[in-house]
Amino acid sequence: SWAGLTFKGGPDAPPPLLVLSPGETVASPEMHLGLVFGGLDAAVHAMHSHLRKSVFRPQSRGRGGWIESGIGPEIEITVDEVFHAIDAAAAVGAEVFFIDASWYAKPQGNWWNTVGDWIVDRDRFPQGLKPFRDRVHEKGMLWGLWMDAERMGEKSAILQQHPEWLAATYGEEKSSGGQIDLTNPAAAQWMEEQISRVIQENGLEFFRLDYNTHPGRGIRTLRNGYVENGYWRYYEALYTIYDRLRSRFPNVIFENCAGGGGRTDIGMIRYFDHTDVTDWQIAPRSFLITNGMTLAIPPERIDRLVGGQSGFTTADYDFQYRTLLFLLPKVAFLHPLGSAPNPLLMQRTKRWADFYKSFVRPFMDTSRIYHHTPDLEGIDPKGWGVLELAAEDHSRAICGLFQLAAPCQPEYRLRMRGLDASRRYKVTFDNSGQTAIVDGYNLMTQVLTVRLEGAFTSELLIFEVITE
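Here we summarise the structure given alongside this text. This one's a predicted model, so the numbers in the text were calculated from it and none came from an experiment.

On to helix α10 (residues 343-364). In a regular helix each residue adds 1.5 Å, so 22 residues correspond to 32 Å; α10 covers 29 Å between its end C-alpha atoms and thus fits that length. Taken as a whole, α10 carries its principal kink of about 40 degrees at K357. Those residues of α10 not exposed but buried are M346, T349, W352, A353, F355, Y356, F359, V360, R361, F363 and M364. The opening residue of α10, the one whose side-chain oxygen lies 2.9 Å from the backbone nitrogen of L344, is N342.

Right, let's talk about the sheet that holds strand β2 (residues 96-99) for a bit. Overall, parallel pairing links the 8 strands, which are arranged β1-β2-β3-β4-β7-β8-β9-β10 in a closed barrel. Strand-to-strand twist across the sheet, computed as the mean angle between neighbouring axes with direction ignored, equals 30 degrees. Direction of pairing for strand β8 (residues 274-276) relative to strand β9 (residues 302-306): parallel, over a ladder of 2 bridges. Within β9, the position partnered with T275 by the bridge is I302. Contacting β9 and β10 (328-331), helix α9 (residues 317-324) crosses the sheet at an angle of about 165 degrees to β9.

Pairs of aromatic rings are described using the distance from one ring centre to the other and the angle between the two planes. Throughout the structure, instances matching the rule amount to 27 aromatic pairs. Between F287 and F402, the aromatic rings sit 5.2 Å apart at their centres with planes inclined by 45 degrees, giving tilted as the arrangement. With F287 in helix α8 (residues 285-296) and F402 in strand β13 (residues 396-403), this residue pair connects regions lying 115 residues apart in the sequence. Of the two residues, F287 and F402, both sit in the buried class. Ring centres of W384 and Y412 lie 5.4 Å apart, and the angle between their planes is 45 degrees; on these two criteria the pair is classed as tilted.

Turning next to the pairing of strand β1 (residues 68-71). Alternating residues of β1 divide into E68 and G70 and S69 and I71, and every residue in both groups is buried. Relative to β10, β1 runs parallel, the two sharing 2 bridges. When the sheet's bridge partners are listed, S69 is paired in β10 with V331. By the bridge criterion, 4 bridges tie β1 to β2 in an arrangement that is parallel. The partner of I71 across the bridge, within β2, is I99.

This part takes up the side chain of S60. Along the chain, S60 falls in the loop between α1 (40-55) and β1. The buried category is assigned to S60, whose relative accessible area is 2%. At 3.2 Å, the side chain of S60 and the side chain of R246 are in polar contact. Here the side chain of S60 touches V252 through a polar contact of 2.9 Å, landing on its backbone oxygen. Residue contacts for S60: discarding those within four places in its chain leaves W66, R246, P250, V252, I253 and D273.

Before going further, it helps to examine the pattern of salt bridges. Across all of its chains, the model carries 36 salt bridges by this definition. Between E24 and R233 there is a salt bridge whose closest N-O contact spans 2.9 Å. With E24 in the segment before α1 and R233 in helix α6 (residues 231-248), this residue pair connects regions lying 209 residues apart in the sequence. Judged by its relative accessible area of 15%, R233 falls in the buried class. R424 is the partner of D439 in a salt bridge, and the nearest nitrogen-oxygen pair spans 3.2 Å. Linking D439 in strand β16 (residues 434-439) with R424 in strand β15 (residues 424-429), this pair joins segments that are 15 residues apart in sequence. Given the relative accessible area of 37%, R424 is considered partly exposed. Salt bridges sharing partners connect three or more residues here, namely E68, D100, R208, E255, D276, D303 and K330.

Okay, the packing of helix α2 (residues 79-91) against helix α3 (residues 130-138) next. Contact geometry of α2 with α3 gives a least axis separation of 10 Å together with a crossing angle of 15 degrees. Of the possible angle classes, the one that applies to α2 and α3 is roughly parallel. The two elements α2 and α3 cross, and the hand of that crossing is right-handed. Along the contact surface, α2 presents V79, V82, F83, I86 and D87, while α3 presents P131, F132, R135 and V136. When grouped by side-chain class, the residues that make up the contact of α2 with α3 number 7 nonpolar, no polar and 2 charged.

Parameters at a glance
- Residues numbered from 1 in each chain as written.
- Predicted model: local features only at pLDDT ≥ 70, side-chain atom pairs only at ≥ 80, totals over all residues.
- Heavy atoms only, no water.
- Helix = DSSP H or I, 4+ residues; strand = E, 2+ residues; numbered from the N terminus.
- Expected span 1.5 Å × (residues − 1).
- Bend = angle between axes of the 7 residues up to and from the residue.
- Buried < 20%, exposed > 50% of the residue type's maximum accessible area, 1.4 Å probe, protein only.
- Polar contact = N/O pair within 3.5 Å; in protein donor to acceptor, adjacent residues only side chain to side chain.
- Pairing = 2+ DSSP bridges.
- Axes fitted to C-alpha atoms, helices over the stretch in contact; angles between N-to-C directions.
- Contact = heavy atoms within 4.5 Å.
- Phe/Tyr/Trp six-rings, centres within 6.5 Å; stacked < 30°, edge-to-face > 60°.
- Salt bridge = Lys/Arg side-chain N within 4 Å of Asp/Glu carboxyl O.
- Parallel < 35°, antiparallel > 145°, perpendicular 65-115°, else oblique.
- Left-handed = near helix turned anticlockwise from the far one by under 90°.
- Nonpolar A, V, L, I, M, F, W, Y, C, P; charged D, E, K, R; others polar.

As structure tokens, then:
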């Protein structure tokens, strides 16, 4: 008997996708295809290797893996709150600090109503942003800002000046969530100029892009008297803009986020240093996101947050931070302004940051990740979740084991995959601090039993090769 595989790929939107003018040419979008003989691990590693070698731009500032912190609109952002957040971030080892949404908005205002007016609000920050940048640099961190660059808020001055720049959707006039129509060359040029100006005027070393619009089936435009779906031209314009910006600002770290993982396609992430993949950090979904996103994107190109976004509502701190060790950690909202910090929390956060910097980050950008439990279902996955991250040369690895919702088996029988059977390893059980010396052959072929009782418990195993 014969086995076959068929598929169809290409731009997907209501036709016509392009209405060509006489003499106009078009290049079809790139498609990345690969044939792998092997299992899931082999396919994941082949995809990650391809992206690293042939797709991604080199990391800004010579490397990636920066630990970020910031302050966002979950609270009313004031001068005192920003200084407090900067000091707290530095105390636990953050390396980048940014102000998220509302740095341009009036106090007690809705930050989404005035996006597009990218001028520092002097009612909120009477002395501008320079005092914050100076404090960030004093603390040895890099400085950044957030922009929802492709949007004009309904109360923004720019929308009143240029209503024709607002994208139109199908069936409803101008109902795209404020999306700027980048198929309009004037609008695209304005957006690029605004990003460049914000980076230059504020001395940014970190730029955080958000995307919170709702274009639905696409952008409805008129071209040569015909209705054209604007998606194709929109993304051609967008990619070109960020290609130029990355070249213009090679020392600025560019982070992509989109209302929680809305833009993790290769076309977009190839122009950015890394991508923030969720706005909802609640366990056990936090593990599900780390597990799922690392199937497609290399770990060093993904980041997630501990602190804020309701991540504190379920699971303990170690559970949440351990899910971040398999990509890039971000920390925030460590303790409220005016309160004494919890010394145990601060110590633990600093410990995890130091461990990430010293042990995980050195091998992250060439790492191999193994998904021991790839098939998880629903937003509250049940049972065990297990991830392994190993150095390409097999010299070190970590393995996180997590009891998710509704655990039914208290023991997990683990066989490591990313070690070297011919070498010996020091194995550290992080919960107890106990260590053992074990042959790689036994770790990979025999069963290592880990016991965790109760939902939202976790263990981290640390493997270091022993040099004879």
